[in-house]
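# Structural description and commentary
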Amino acid sequence: MKVHALFLLALILLGFSVQRVTAGEADQGRKLYLQYCSSCHGNDGRGDGPVAPDLKIKVPDLTLLKQRTGGSYPLDYVMSTIDGRRAVRAHGDRQMPVWGEVFREDVAKDKYKELTTLLTGKLIAEYVGTLQR
């Protein structure tokens, strides 16, 4: 029951609506993006990171997400891709790390590790939203 209440609280706090990102949140999101995502997706999100040429699949251009979804940035879709709630491929093994597991390990001793994990993914997803063309 506690887990459900905490998850509900996290959903309420997150709001799952696209809101203006404050400068501090954008800066933190950018730092997290550069740490966890840029090696594959590149510093600007275009899929040209230093590791990209060595991967079996083409790394997606994250700057086109809003365009591909008809002009609305898919925040929840991006968050669920980052934290592993959504499978990246319909078949076979994941091609992208499940960062939610890594984020949970990083805060394993924290009291609100699930909430912290969700907020970390949200910061990254909101930053990716700022990269849209």
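Remember, it's a predicted structure, so these values are computed and weren't measured experimentally. (Residues numbered from 1 in each chain as written. Predicted model: local features only at pLDDT ≥ 70, side-chain atom pairs only at ≥ 80, totals over all residues. Heavy atoms only, no water.)

## Details of the pattern of salt bridges
The final tally for this structure, using the stated rule, is four salt bridges. Asp44 serves as the salt-bridge partner of Arg46, at 3.2 Å between the closest nitrogen and oxygen. Lys122 is paired through a salt bridge with Glu126; the nearest N and O atoms lie 2.6 Å apart. Taken as a pair, Lys122 and Glu126 lie in helix H7 (residues 113-130) at a separation of four residues, close to a single helical turn. With relative accessibility at 11%, the residue Lys122 sits in the buried group. We classify Glu126 as buried; its relative accessible area is 8%. (Salt bridge = Lys/Arg side-chain N within 4 Å of Asp/Glu carboxyl O. Helix = DSSP H or I, 4+ residues; strand = E, 2+ residues; numbered from the N terminus. Buried < 20%, exposed > 50% of the residue type's maximum accessible area, 1.4 Å probe, protein only.)

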